[in-house]
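Read off the chains here:
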2 protein chains.
Amino acid sequence: MVDIATRVWNHKWKIDPIVRSLIDTDFYKLLMCQSVFRKKRDTNVTFSLINRSQNVPLAKLIDEGELREQLDHIRSLSLSRGEGTWLRGNTFYGKRQMFRPDFMEWFENLRLPPYHLERVGDQYELTFEGKWPEVMLWEIPALAVLMELRGRAVLHDMGRFELQVLYARAMTKLWQKVEDLRQVPELRIADFGTRRRHSFLWQDWCVQAMLEGLGSSFVGTSNCLIAKNRDLEAIGTNAHELPMVYAALAEDDAALARAPYDVLADWQEEHDGNLRIILPDTYGTEGFLKRAPDWLAGWTGIRIDSGDPAAAAEEAINWWISRGEDPRKKLIIFSDGLDEKKILELYRQFDGRARVSFGWGTLLTNDFRGLTPDDRLAPFSLVCKAVSAEGNPTVKLSDNPNKAMGPAEEIARYKRVFGVGDQEAMEVVV
Amino acid sequence: MVDIATRVWNHKWKIDPIVRSLIDTDFYKLLMCQSVFRKKRDTNVTFSLINRSQNVPLAKLIDEGELREQLDHIRSLSLSRGEGTWLRGNTFYGKRQMFRPDFMEWFENLRLPPYHLERVGDQYELTFEGKWPEVMLWEIPALAVLMELRGRAVLHDMGRFELQVLYARAMTKLWQKVEDLRQVPELRIADFGTRRRHSFLWQDWCVQAMLEGLGSSFVGTSNCLIAKNRDLEAIGTNAHELPMVYAALAEDDAALARAPYDVLADWQEEHDGNLRIILPDTYGTEGFLKRAPDWLAGWTGIRIDSGDPAAAAEEAINWWISRGEDPRKKLIIFSDGLDEKKILELYRQFDGRARVSFGWGTLLTNDFRGLTPDDRLAPFSLVCKAVSAEGNPTVKLSDNPNKAMGPAEEIARYKRVFGVGDQEAMEVVV
């Protein structure tokens, strides 16, 4: 029986919007946004899209008009009453009223600021300028829109049946990973795959697969909308943009050297428990830990997001021991380039020596590798980063020089200030 | 948007009928039925279910009440006007009005005769007695009902999501076979999988997969309902039941020895071209061909349905040569226990030496092997055969003694009459 009304309704849409909610974003964005709203509300920043995979010619694949329609749709969104209620009323990390009334009132009145889009060769220049708490909320939806439009461009040429088999294969592939992971019931894994997901519906499916397949090993999702709709824990803490902007605002080298710790001092004022997670790699993990104040060693854990994850975890464990802390009580969150084999390998290596947890991103929600001829649906490395703050360029060194960003002379200065020597370059898959 | 009317409608059904049409059956059943209707209309026969896979305890898995409901539903079916129109108006094997007015009139007034069902241990005894043209039409729906009810019994315990992954895996598996087969565009393959299909919907999906994936290499389906709905060729010729019943009716050994040829003489009166396909193995291929009259060597081809298919094809080729025929103009149809590897192997072996074609059955429409724990959805070997005619037991020898049937003393008599010596036993997978 064809539901004529539904069919007619579906054909009335001018576009099929990719992002349909302001909370279709990572939880840590909202946490950081509140922090920025309180401490750096008037800071002017610029965020910019960076396609590290230059072999993916986004401007050839994606129609500029379609991209504008999607971005314009996002600008038309505002927080719904139900979304506001969920943010205000929910318990996050065991804490009620994580989001304070002044922030919620601001958020409920927010529309995302304008974007600047220009085609340059086969790529798009997409930038966002304005007040930090507003601009920063563009990152995740902008990435999700570009990833999904690129997918749609590929899917457009496929037959109905071919599409069904494609998704059957993707489901089979993911479920095989779930079956491998469920062999270790003690695992703790969260979905961190919003930004580079194949599509919203696919991420939602992946979350359901994790939920049914892994049970209590699946601890939640970084995606607030999915967490809300499926009554799951929203997961996340903080990201590189905080130290990057704080550093760019530093007035001299001494302030620059302090900046990564100033960020965390501000964070500590606001958060406790499992939200006190160090992200040490922005300007090199080794130097960061060496110079860290003792109060940081008291934090709950560390997130490892670049470089060789096992080496970085060993470094953290040694650092805790050197500061008189018991690493077995500490949490290590791995979140860089994970797949099921890497997850199991890291778990076996560090279980018992620390508490370990995994933020599984792109290869959870976008592992379409090998499913189409020429691999035209394989995920690629797209980021959207703060590139300047109050006119000063931002810099990221990372533990992997292939993830570094910023002007060469500034990178040199940061390396000097943070005492970063030779680094091992590693391929950035996703 | 929930279509409330559809949902309420679905919940009004007392059962979910498995067979919903009298033409949800193999095309060759209707061809044979017309032949029987013309020549042996009043012959009394008994058909009986035989589960060769005694490790599948059908009566433990399938509720007797549910089975009766499904069989009763089939008895309530009659040919719809559209089905009658399709049979009357269609071109089959290039011929119009394949089904004659007197047969069509009889068929349009047909309801299937009663069944006899009894539980014996963990198996069901299911028999059908009556006039041959009526009783013979029970075979395919009875098998389809039992296969699908067994599947439903297994699926009943699975979660919604687990079910989705199950079918995703089955689709992935079938599509891989399709991709392997499409490497050889000259292949000719038909769906012969009605009787042991996983379910009607799944067979229909498999047919669509073949159609989209193989294009003109997919030559049609044995299932009349699917052929009608999807505007495909209906495929099939004749089966063992013809010589088995003719043989059982033979009054002495001389008549018995003639019976398999009498059947084909009757067939030749009615059909020409691609419908003149010899099925030689009922009482041993070797003796059948040796004693065959010369007019049989003029037929279009042969169907190989038991024993070692390559050996049987070699035998047929040698026989044609010995009778002065050019095997390259002959058609060899393989239809026993095929899977994609076997199809490709046989094609490579015989392409150029004869025209080859494939009737792909159980492992097309029911390859759920390896998809559930304990393989509880794997296909199994269920048949429904004529076991007696006018009180005389039927006998099948086959080229594989594991497929033989009939009382021991009758098997011995048939072996003597048809000069069948030692045979190589081969495992019957499906």
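- Labelled according to an unreviewed UniProt entry, chain A appears under the name Nicotinate phosphoribosyltransferase, originating from Antarctobacter heliothermus.
- According to the UniProt record, the Function (unreviewed entry) comment for chain A reads "Catalyzes the synthesis of beta-nicotinate D-ribonucleotide from nicotinate and 5-phospho-D-ribose 1-phosphate at the expense of ATP."
- Per UniProt, the comment on chain A under Catalytic activity (unreviewed entry) is "5-phospho-alpha-D-ribose 1-diphosphate + nicotinate + ATP + H2O = nicotinate beta-D-ribonucleotide + ADP + phosphate + diphosphate".

**Considering a negative patch on the surface**
Residue and element names in this part refer to chain A.
Link 1 in the chain: Taken together, the side chains of Asp63, Glu66, Glu69 and Asp72 present a region of like negative charge at the surface.
Link 2 in the chain: Mapped onto the elements, Glu69 comes out in helix H4 (residues 64–75).
Link 3 in the chain: Looking at Glu69, the relative accessible area reads 37%, which means it is partly exposed.

**A short note on helix H16 (residues 309–322) of chain B**
Residue and element names in this part refer to chain B.
Link 1 in the chain: Taking 1.5 Å of rise per residue, the 14 residues of H16 would be expected to cover 20 Å, and the 20 Å separating its terminal C-alpha atoms lies within 8% of that figure.
Link 2 in the chain: Here H16 has its buried residues at Pro309, Ala310, Ala312, Ala313, Ala316, Ile317, Trp319 and Trp320.
Link 3 in the chain: Lining the buried residues of H16 we find strand S8 (277–278), helix H14 (285–290), helix H15 (294–297), strand S9 (301–304), strand S10 (331–334) and helix H17 (340–350).
Link 4 in the chain: Between the side-chain oxygen of the N-cap and the backbone nitrogen of Ala310 there are 3.2 Å, and the N-cap of H16 in question is Asp308.
Link 5 in the chain: Looking at the residues trailing H16, positive phi occurs at Gly324, about 80°.

**Regarding unusual backbone geometry**
Residues and elements named next belong to chain A.
Link 1 in the chain: Even without being glycine, Tyr93 reaches a positive phi, approximately 50°.
Link 2 in the chain: Positionally, Tyr93 belongs in the loop between strand S2 (91–92) and strand S3 (95–96).
Link 3 in the chain: For Tyr93, a relative accessible area of 27% translates into the label partly exposed.
Link 4 in the chain: With a phi close to 55°, Asp231 is a non-glycine residue in the positive phi region.
Link 5 in the chain: When you line up the elements, Asp231 lands in the loop between helix H11 (224–230) and helix H12 (241–248).

**Some words on the packing of helix H9 (residues 160–181) of chain A against helix H10 (residues 200–214) of chain A**
In a packed pair of helices, the relevant descriptors are the angle between the two axes and the axis-to-axis distance.
Residues and elements named next belong to chain A.
Link 1 in the chain: Following both chains from N to C, one finds H9 and H10 inclined at 35°, their axes separated by 10 Å at the closest point. Judged by the twist between their axes, the crossing of H9 over H10 is right-handed. Note on element contacts: H10 touches H9 through Trp202, Trp205, Cys206, Ala209, Met210, Gly213 and Leu214, opposite Tyr167, Ala170, Met171, Leu174, Trp175, Val178 and Leu181.
Link 2 in the chain: Here the contact of H9 with H10 is built from residues that sort into 13 nonpolar, one polar and no charged.

**Points about the relation of the copies chain B and chain A**
Link 1 in the chain: Superposition of chain B onto chain A requires a rotation of 180° combined with a translation of 0.0 Å along the rotation axis, giving an RMSD of 0.0 Å. In the structure described here, the two chain copies are related by an operation that fits a two-fold rotation axis. When C-alpha positions in chain B are compared against the rotation axis, the closest is assigned to B:Ala168, at 2.1 Å.
Link 2 in the chain: A high fraction, 100%, of the interface residues of chain B reappear at the interface in chain A, so the copies pair face to face through one surface.

**Quick look at the domain arrangement of chain A**
Residue and element names in this part refer to chain A.
Link 1 in the chain: When cut into domains, chain A gives domain 1 (12–156 + 381–395 + 402–407) and domain 2 (161–365).
Link 2 in the chain: Between the C-alpha centres of domain 1 and domain 2 there is a distance of 20 Å.
Link 3 in the chain: Of the residues lining the interface, 52 residues belong to domain 1; the matching set on domain 2 comes to 43 residues.
Link 4 in the chain: Between domain 1 and domain 2, the buried area comes to about 4100 Å², and carbon and sulfur atoms account for 60% of it.
Link 5 in the chain: Run the count over domain 1 and domain 2 and you get eight salt bridges.
Link 6 in the chain: Measuring nitrogen to oxygen at the nearest pair gives 2.9 Å for the salt bridge that ties Lys39 to Glu269.
Link 7 in the chain: Among the elements of the structure, helix H2 (27–39), strand S1 (44–51), helix H5 (81–89), S2, helix H8 (139–155), strand S12 (382–389) and strand S13 (392–393) are those that each provide at least two residues to the side of domain 1 that touches domain 2.
Link 8 in the chain: By residue number, the principal contributor to the side of domain 1 that touches domain 2 is H2, which donates 11 residues.
Link 9 in the chain: Partitioned by chemical class, the residues of the side of domain 1 that touches domain 2 number 29 nonpolar, nine polar and 14 charged.

**Some remarks on the UniProt feature "modified residue: Phosphohistidine" (unreviewed entry) in chain A**
Residue and element names in this part refer to chain A.
Link 1 in the chain: In the numbering used here, UniProt assigns the "modified residue: Phosphohistidine" (unreviewed entry) feature to His240.
Link 2 in the chain: Following the sequence through the fold, His240 ends up in the loop between H11 and H12.
Link 3 in the chain: Assessed through its relative accessible area of 4%, His240 is described here as buried.
Link 4 in the chain: The contacts of His240, once residues within four sequence positions are left out, are Leu279, Asp281, Thr282, Asp305, Lys385 and Lys396.

**So, the environment of B:Tyr283**
All names here are of chain B.
Link 1 in the chain: Along the polypeptide, Tyr283 turns up in the loop between S8 and H14.
Link 2 in the chain: In the structure, Tyr283 is positioned 81 residues away from Trp202 in sequence and 34 Å away in space, judged by C-alpha atoms.
Link 3 in the chain: Residues contacting Tyr283, with those up to four places away along its chain left out, are Pro243, Met244, Ala247, Pro260, Val395, Lys396, Leu397, Tyr414, Phe418 and Val420.
Link 4 in the chain: At a separation of 2.7 Å, a polar atom in the side chain of Tyr283 contacts the main-chain carbonyl oxygen of Val395.

**So, the interface of chain B and chain A**
Link 1 in the chain: Of the residues lining the interface, 19 residues belong to chain B; the matching set on chain A comes to 19 residues.
Link 2 in the chain: Counting each side, the surface lost to burial between chain B and chain A is near 1900 Å², with a carbon and sulfur contribution of 64%.
Link 3 in the chain: Of all residues in chain B, the largest losses of buried area upon contact with chain A belong to B:Met1, B:Phe161 and B:Arg169, amounting jointly to 32% of the total for that side.
Link 4 in the chain: Our count for the chain B to chain A interface comes out at two salt bridges.
Link 5 in the chain: Between B:Arg169 and A:Glu179 there is a salt bridge whose closest N-O contact spans 3.1 Å.
Link 6 in the chain: Every element with two or more residues in the side of chain B that touches chain A is listed here: helix H9 (160–181) and helix H10 (200–214) of chain B.
Link 7 in the chain: Of all the elements, H9(B) adds the most residues to the side of chain B that touches chain A, at 11 residues.

**Section: the UniProt feature "domain: Nicotinate phosphoribosyltransferase N-terminal" (unreviewed entry) in chain A**
Link 1 in the chain: Mapped onto this structure's residue numbering, the UniProt feature "domain: Nicotinate phosphoribosyltransferase N-terminal" (unreviewed entry) falls at residues 23–146 of chain A.
Link 2 in the chain: Along residues 23–146 of chain A the backbone is 47% helical and 21% strand, and the end-to-end C-alpha distance reaches 18 Å.

**What to know about the sheet that holds strand S7 (residues 218–221) of chain A**
Residue and element names in this part refer to chain A.
Link 1 in the chain: Overall, parallel pairing links the six strands, which are arranged S7-S6-S11-S10-S9-S8 in an open sheet. Both edges of this open sheet fall to S7 and strand S8 (277–278), since each of them pairs with a single strand only.
Link 2 in the chain: Pairing geometry for strand S10 (residues 331–334) and strand S11 (residues 355–360), over four bridges, is parallel. Residue pairing for S11: Ile333 is matched across the bridge by Ser357.
Link 3 in the chain: Sitting on the sheet, H10 touches strand S6 (189–191), S7 and S11, and the angle it makes with S7 is about 160°.

**Let's talk about a nonpolar patch on the surface**
Link 1 in the chain: A surface patch of nonpolar side chains, about 400 Å² in accessible area, is lined by A:Met1, B:Trp9 and B:Trp13.
Link 2 in the chain: Here B:Trp9 is to be found in helix H1 (residues 4–12).
Link 3 in the chain: Judged by its relative accessible area of 43%, B:Trp9 is partly exposed.

**Some remarks on the nonpolar core**
Soluble globular proteins: nonpolar side chains tend toward being buried together.
Link 1 in the chain: By size, the foremost hydrophobic cluster in this structure holds 291 residues, and its most contacted members are A:Phe107 and B:Phe107.
Link 2 in the chain: Residues contacting A:Phe107, with those up to four places away along its chain left out, are A:Leu22, A:Ile23, A:Leu30, A:Leu79, A:Leu87 and A:Leu137.

**Some remarks on the pattern of salt bridges**
Residues and elements named next belong to chain A.
Link 1 in the chain: Going through the model one piece at a time under the given rule, you end up with 64 salt bridges over all chains.
Link 2 in the chain: As a salt-bridge pair, Asp16 and Arg20 come within 2.6 Å of each other at their nearest N and O atoms.
Link 3 in the chain: Classification of Asp16 by relative accessible area gives partly exposed; the value is 42%.
Link 4 in the chain: By relative accessible area, Arg20 is classed as partly exposed at 47%.
Link 5 in the chain: For Lys330, the salt bridge goes to Glu325, with nearest N and O atoms at 3.3 Å.
Link 6 in the chain: Accessibility expressed as a relative area gives 5% for Lys330, which makes it buried.
Link 7 in the chain: Connected through shared salt-bridge partners, Asp26, Lys29, Glu139, Arg195 and Glu241 make up one network.

What counts as what
- Residues numbered from 1 in each chain as written.
- Chains lettered and ligands numbered in written order.
- Predicted model: local features only at pLDDT ≥ 70, side-chain atom pairs only at ≥ 80, totals over all residues.
- Heavy atoms only, no water.
- UniProt positions renumbered as here; feature names shortened; annotations may be inferred.
- Patch = residues over 30% accessible without salt bridge, like charges linked within 9 Å, V, L, I, M, F, W, Y side chains within 5 Å.
- Areas by Shrake-Rupley, 256 points an atom, 1.4 Å probe, with all protein chains shown as cover.
- Salt bridge = Lys/Arg side-chain N within 4 Å of Asp/Glu carboxyl O.
- Lys, Arg positive; Asp, Glu negative; His and termini not counted.
- Charge placed at Lys NZ, Arg CZ, Asp CG, Glu CD.
- Helix = DSSP H or I, 4+ residues; strand = E, 2+ residues; numbered from the N terminus.
- Buried < 20%, exposed > 50% of the residue type's maximum accessible area, 1.4 Å probe, protein only.
- Expected span 1.5 Å × (residues − 1).
- Contact = heavy atoms within 4.5 Å.
- Polar contact = N/O pair within 3.5 Å; in protein donor to acceptor, adjacent residues only side chain to side chain.
- Axes fitted to C-alpha atoms, helices over the stretch in contact; angles between N-to-C directions.
- Left-handed = near helix turned anticlockwise from the far one by under 90°.
- Nonpolar A, V, L, I, M, F, W, Y, C, P; charged D, E, K, R; others polar.
- Least-squares fit on C-alpha atoms with pLDDT ≥ 70 in both.
- Domains from an automatic or database assignment.
- Buried area = accessible area lost by both parts, 1.4 Å probe.
- Pairing = 2+ DSSP bridges.
- Core = buried A, V, L, I, M, F, W, Y, C linked by side-chain atoms within 4.5 Å.

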